[in-house]
Amino acid sequence: MLLQENVPLAPLTTFRLGGPALFFVEAKSVEEVQQAVAFARSKNLPLFILGGGSNLLVADRGWPGLVLKVSITGIDRRACEIDGKAVFDVGAGESWDRFVSQAVMAQCAGVECMSGIPGSVGGTPVQNVGAYGQEVSETIESVEVLDDNDGQVRELCREACGFAYRSSIFNTTERGRFVILRVAYALTPGGDPHIAYADLKRHFEGRETQPTLAETREAIRDIRARKGMLIVAGDPDSLSAGSFFKNPIVSQEQHEDLSKRAAAKGLTLPSYPALEKSKKISAAWLVEHSGFARGYGLGRAGISSKHALAIVNRGGATAAEVLALKDQIQQRVAEIWGVRLEPEPVMVGF
């Protein structure tokens, strides 16, 4: 285990901001993860697990403990299928998009709509990552973790992970207890791509044949790029944590109230089915119809020129400036629409 001190964290995040870690370890094996966790406990240091840094906002003062970057890699397809599903065991430090690419090349369906999402595999179960009608909870077979309660490596089945919209036990009831080491995904060999969202349907409008998985993946990446949701070198809109707010889940009564507020302004409220008797509202629509146009700026932080849901670092921004913009957006949306937007990125060191 290589222990480093005062390591800048900004270069390890897609926001490219935030202070240093007091201690830093990059672990490439389960044994190194165990050593790092044991070190943090022996020194009574707060521990933060870093993945791809794509869904993260680090405080300007940094992290006053140990940052553990889990860099366990590998994508292995099991020899035997489970209930007709192809199972892939993937290291937590593996690039998520690299895994999606390999799954698509292997003609296995289930994750193609999550193409282009930045970050590492280990972060996907934490927030039950999803996009364009798919969520990782639909394909996760199990998650291998290090249990900080007893230092043991154990396997959690899908049901034990407590998946819900953008949540799991890893970011709610058991936050801080588990270090994710590997994730097993069960995909459908020869399955059809999931074409459910309007953006995708429009992309393939007029086609007489079913798109392939590869064509769907490419379409998703194109759509994400147009919205500034694809990490592209040199693109100023890439300096973000992606979608900064979760799409609110509201009751039928709340939805009716919002619809009336929208109608009074001559607007139509877009929404999507969510849980039973609930509706999912577009957070981007709420932001844009609260006076925050794409390209809006507050100091060196701003809103992406391509997508209203992404807060970006316009150059030299501080975490404090990003939080100020977040607060401004939340306050205005609450005043106009009566909805409290919940941030999606993990806040570290605040």
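Note that this is a predicted model, so its numbers are computed, not measured. (Residues numbered from 1 in each chain as written. Predicted model: local features only at pLDDT ≥ 70, side-chain atom pairs only at ≥ 80, totals over all residues. Heavy atoms only, no water.)

Considering the overall build of the chain
Condition: The way it works is that DSSP assigns letters per residue, a run of H or I at least four long becomes a helix, a run of E at least two long becomes a strand, and they are numbered from the N terminus. Burial here depends on accessible area, computed with a 1.4 Å probe over protein chains only, as a share of the maximum for the residue type. Under 20% is buried, over 50% is exposed, and the range in between is partly exposed. Here a residue-residue contact requires only that any non-hydrogen atoms of the pair lie within 4.5 Å.
Check the secondary structure of the chain and you find seven helices and 21 strands. Structurally, the chain occupies a C-alpha span of about 60 × 50 × 40 Å along its principal axes. Residues classed as buried in the chain amount to 49% of the 350 residues present. For the chain, the share of sequence-separated contacts (at least 6 apart) that also reach a separation of at least 24 residues comes to 62%.

Some words on the packing of helix α5 (residues 252-264) against helix α7 (residues 319-337)
How we decide: The axes used here are C-alpha line fits, helices contributing only the stretch in contact, and every angle between their N-to-C directions lies in the interval 0 to 180 degrees. Each angle is binned into one of four classes, with values under 35 degrees roughly parallel, values over 145 roughly antiparallel, values of 65 to 115 roughly perpendicular, and all other values oblique. Polar here means any residue outside two lists: the nonpolar Ala, Val, Leu, Ile, Met, Phe, Trp, Tyr, Cys and Pro, and the charged Asp, Glu, Lys and Arg; Gly therefore counts as polar.
It is the contact of α5 with α7, at a shortest axis distance of 10 Å, that shows an interaxial angle of 90 degrees. Between α5 and α7, the angle is such that the two are roughly perpendicular. Residues L258, R261 and A262 of α5 lie in contact with α7, whose contacting residues are E335, I336 and W337. The residue inventory of the contact of α5 with α7, partitioned by class, reads four nonpolar, no polar and two charged.

Structural notes on the nonpolar core
For clarity, the threshold we go by: Side-chain atoms within 4.5 Å link the members of a nonpolar core, which is a set of buried Ala, Val, Leu, Ile, Met, Phe, Trp, Tyr and Cys residues.
Core analysis: the largest hydrophobic core is formed by 57 residues, its most contacted members being V33, W96, F99, F170 and Y185. The element contributing the most residues to this core is strand β13 (residues 178-189), with seven residues. Beyond its immediate chain neighbours, meaning those up to four positions away, V33 contacts A27, L68, V70, I72, L146, V179 and L181. If you look at the next biggest cluster of nonpolar residues, it comprises 32 residues, including V250, F292, A301 and V339.

Let's talk about the sheet that holds strand β2 (residues 20-27)
What counts here: The rule for pairing is simple: two strands pair if DSSP sees at least two bridges between them.
Taking strand neighbours across the sheet as the criterion, the four strands line up as β1-β2-β5-β3 in an open arrangement whose pairing is mixed. Pairing within the sheet leaves two strands with one partner each, and these edge strands are β1 (3-8) and β3 (47-50). Adjacent strand axes in the sheet meet at a mean angle of 35 degrees when their direction is disregarded. When β2 meets strand β5 (residues 63-70), the two strands line up parallel, connected through six bridges. Counted as the bridge partner of V25 is L68 from β5. Here helix α1 (residues 30-42) sits on the sheet in contact with β1, β2, β3 and β5, set at roughly 170 degrees to β5.

Let's talk about α7
To be explicit about the condition: Expected helix span is computed as 1.5 Å times (number of residues minus one).
The end-to-end C-alpha separation of α7 is 27 Å, in line with the 27 Å expected for 19 residues at 1.5 Å each. Within α7 the residues assigned to the buried category are A319, E321, V322, L323, L325, K326, I329, Q330, V333 and W337.

So far we have only geometry, and geometry alone does not tell us how the molecule works.
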